[in-house]
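# Topology and contacts: notes
Residue strings, one per chain:
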Amino acid sequence: MTVFILVPGVFTGAHVWEDTAARLAAEGAEVHAVALSGLDGPRGAAGVGIDLETHIADVLAVIDSVGAAAGRESREIVLVGHDYGIHPVLGAADRRAERIARIVYLDAGMPQDGAPALAAVPDQSLREQLAECAGAGGPVGAEGADGELPPPARDEWPRWGSTAGIPDAALDRLTALAAPQPLDTLLQPLRLTGAAATVPATGVLCTGNGASIDMVQMRVGFGDPALQALTDPRVTFFELPTGHWPMLSCPAELAEVLLRAAAGEGHRLEPADAAEPPAHLRPFLLDVPELPRERTGNVDLYLPDAEGPRPAVVFVHGGPVPAEARPTPRDWPTLRGYARYAAGQGVVGVTLDHRLHDVADYERAAADVAAAVERVRADPRVDADRVALWFFSGGGLITADWLGAPPAWLRCLAATYPILAPMPNWGLAGSRFHPANAVAGAGALPIVLTRAGLELPEIAATVEEFMAAAKNCGAGVEVVDVPNGHHGFETLDPTDESREAVHRAMRSVLRHLTHLTA
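First things first, this report covers the structure right here in the doc. (Residues numbered from 1 in each chain as written. Predicted model: local features only at pLDDT ≥ 70, side-chain atom pairs only at ≥ 80, totals over all residues. Heavy atoms only, no water.)

## Details of empty space enclosed by the protein
Applying the stated rule across the entire model yields one cavity of 30 Å³ or more. By volume, the largest cavity amounts to about 40 Å³. Lining of the largest cavity is provided by T399, L403, L413, A415, L420, I447, L449 and F466. Secondary structure elements with two or more residues in the lining of the largest cavity: α12 (399-403), β14 (410-416) and β15 (447-452). Its residues assigned to classes, the lining of the largest cavity comprises seven nonpolar, one polar and no charged. (1 Å grid on protein atoms, 1.4 Å probe; cavity = no way out; pocket = protein on both sides within 12 Å on 5 of 7 lines; lining within 4 Å. Points joined across faces, edges and corners; volume = space filled by probe spheres on them. Helix = DSSP H or I, 4+ residues; strand = E, 2+ residues; numbered from the N terminus. Nonpolar A, V, L, I, M, F, W, Y, C, P; charged D, E, K, R; others polar.)

Written out as structure tokens, the structure reads:
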């Protein structure tokens, strides 16, 4: 018999699992929803004395109770951790690894030894505020009182994850039953010996919250060392097309996925060192001239065979890209291909590396881009009054800095399969990196947007949001569609349709930049 031990996330108790637990039990499974100290039932004073170790002990007690009652019957324990709940799950699994058949990460991060749960709080401003308070040893201030973090109001839940799909009545109940989170549960580091890493695992990703198997596979392809363990054949993945609380938005579908996970089913990732190169390192789809490249610091210039100062197109890569990734983005075939194409048309093509290694890095990545642009404009071979910026993928959020108040020298802004609004689980909703909001300040700036018809749904939703905002404010957006193209179509889909899309986008950018036809 399969035994599911379900551990809830921040502010929530065993009640969130009721529908899912009932469906699992109806299929013959034994189910235990863990009541975490301070979050379920009677509470102490302001969470005093309750920390991560307390919650690990809560989970261990349930594991041990299953063992004590097992008798002769063989039982396979599946530990399921939602959100914060993955921290006590891993802490308990590390101490009872021989008893656990599988760990399920339900729309949860991958905490490592020594990391506090605070590091996984999606809202970056809240995370920074809590960290400052913890460092000062003082109260949380406006966010709460000593020892605990108050639960969100009904309209504040999106700070902790997308509420997509939750019925109104369920959201009302979630809010009514939410409890303050003891602060020490978020601040105490998780301590692991490595034993939990030997247990088979399944990730259940909620696409409405900004996570998908394709996005994880992409990061594995970038060479992120922290993700290589996910290519182990004992690790599987599922997706649910919903927000961060699937036990409330789609309990039947979640129950089905948990049963399949317990059976070892699910999608398996391809290792980064497979025989075929990862998508971003495959050849560019166009034959482009081998023109001279000059490298200074983090910037490469591809120079045209032309006299006098020339206009420039600065190509800005996406991400997040692991700091250890080699080659770095400016040496990826796509970026080199676009820059050489531009140089072959008589303008300076520019690529650069910026430090977008994590979703918390947008400020420094944007600063890197701004500094690189000024360095390019200061080059005597560049016409400083005729520059275009071209952004890709996750770099699209940086467009907000240029859309909100375009400088006179910026003649065109292009974006190819971009992310144009923060993903719900990135914690950037209140930041400046929200192009769909910034486009209202674009004025007459020409915008060239290339859309992949087979785009990842969570990214396509951000483009739709941007297009609606652009229409409302009258921004001039020229759309280049690639109906049968994927995210990264320049290397994934070397078709005539894709080639024509690249040609058309380049012609448009150069027309705005130079008033010439490419």
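We are not done yet, so read on.
## Looking at the pairing of β15
Counting buried positions along β15 yields five of six residues, so the element is predominantly enclosed. As paired strands, β14 and β15 are joined by four bridges and run parallel to one another. In the strand pairing of β15, A414 is matched with V448. By the bridge criterion, six bridges tie β15 to strand β16 (residues 477-482) in an arrangement that is parallel. Bridge assignment links V448 to a residue of β16, and that residue is E478. With respect to chirality, the unit in which β15 leads through helix α14 (residues 457-473) into the neighbouring parallel β16 is right-handed. (Buried < 20%, exposed > 50% of the residue type's maximum accessible area, 1.4 Å probe, protein only. Pairing = 2+ DSSP bridges. Right-handed = clockwise from strand over helix to strand, strands pointing away.)

## Points about the packing of helix α1 (residues 18-26) against helix α9 (residues 251-262)
For the pair α1 and α9, interaxial distance at closest approach is 8 Å and the crossing angle is 50 degrees. By the angle class used here, α1 and α9 are oblique. Once α1 is placed against α9, the crossing between them reads as right-handed. For the pair α1 and α9, contact is made by D19, T20, R23 and L24 and by P251, A252, L254, A255, L258 and L259, respectively. (Axes fitted to C-alpha atoms, helices over the stretch in contact; angles between N-to-C directions. Parallel < 35°, antiparallel > 145°, perpendicular 65-115°, else oblique. Left-handed = near helix turned anticlockwise from the far one by under 90°. Contact = heavy atoms within 4.5 Å.)

## So, the environment of E363
Tracing the chain through its elements places E363 in helix α11 (residues 362-378). A residue is classified by how much of its surface remains accessible, and E363, at 56% relative accessible area, is exposed. The spacing of E363 and A211 is 152 residues in sequence and 22 Å in space, taken between C-alpha atoms. Those residues in contact with E363 that lie beyond four places of it in its chain are R432 and F433.

## Regarding the packing of aromatic side chains
The tally for this structure, following the rule as stated, stands at 16 aromatic pairs. Pairing F11 with W157 gives two aromatic rings, centres 6.1 Å apart and planes at 80 degrees, and the pair type is edge-to-face. Highlighted residues: F11 in the loop between β1 (2-7) and α1 and W157 in the loop between β5 (148-149) and α5 (168-177), separated in sequence by 146 residues. Assigned by exposure class, F11 and W157 land together as buried. For the pair W402 and W409, a centre-to-centre distance of 5.8 Å together with 65 degrees between the ring planes defines the contact as edge-to-face. Pair check on accessibility: W402 and W409 agree, each one buried. A network of ring pairs unites the aromatic residues F284, F315, Y338, W390, F392, Y417 and F489 as a single cluster. (Phe/Tyr/Trp six-rings, centres within 6.5 Å; stacked < 30°, edge-to-face > 60°.)

## Observations regarding the sheet that holds strand β12 (residues 348-352)
Across the sheet, eight strands lie side by side as β9-β10-β12-β11-β13-β14-β15-β16; this open sheet has mixed pairing. Edge positions in the open sheet fall to β9 (293-296) and β16, since each of these has one partner strand only. In this sheet, neighbouring strand axes are inclined to one another by 20 degrees on average, regardless of whether the strands run parallel or antiparallel. By the bridge criterion, four bridges tie strand β10 (residues 299-302) to β12 in an arrangement that is antiparallel. Residue pairing in the sheet places L301 in a bridge with V350 of β12. Strand contacts of helix α10 (residues 333-344): β10, β11 (310-316), β12, β13 (382-392) and β14, with the helix running at about 160 degrees to β12, the strand carrying the most contacts.

## What to know about the sheet that holds β1
Across the sheet, six strands lie side by side as β2-β1-β3-β4-β7-β8; this open sheet has parallel pairing. On the outer flanks of this sheet lie β2 (30-33) and β8 (235-240), each paired with one strand and no other. Neighbouring strand axes in the sheet, compared pairwise and without regard to direction, differ in orientation by 20 degrees on average. Both strand β7 (residues 201-206) and β8 contribute to a ladder of six bridges, which runs parallel. Its bridge partner being in β8, G203 is matched across the sheet by F237. Across the sheet, helix α7 (residues 213-221) is in contact with β7 and β8; its angle to β8 comes to roughly 140 degrees.

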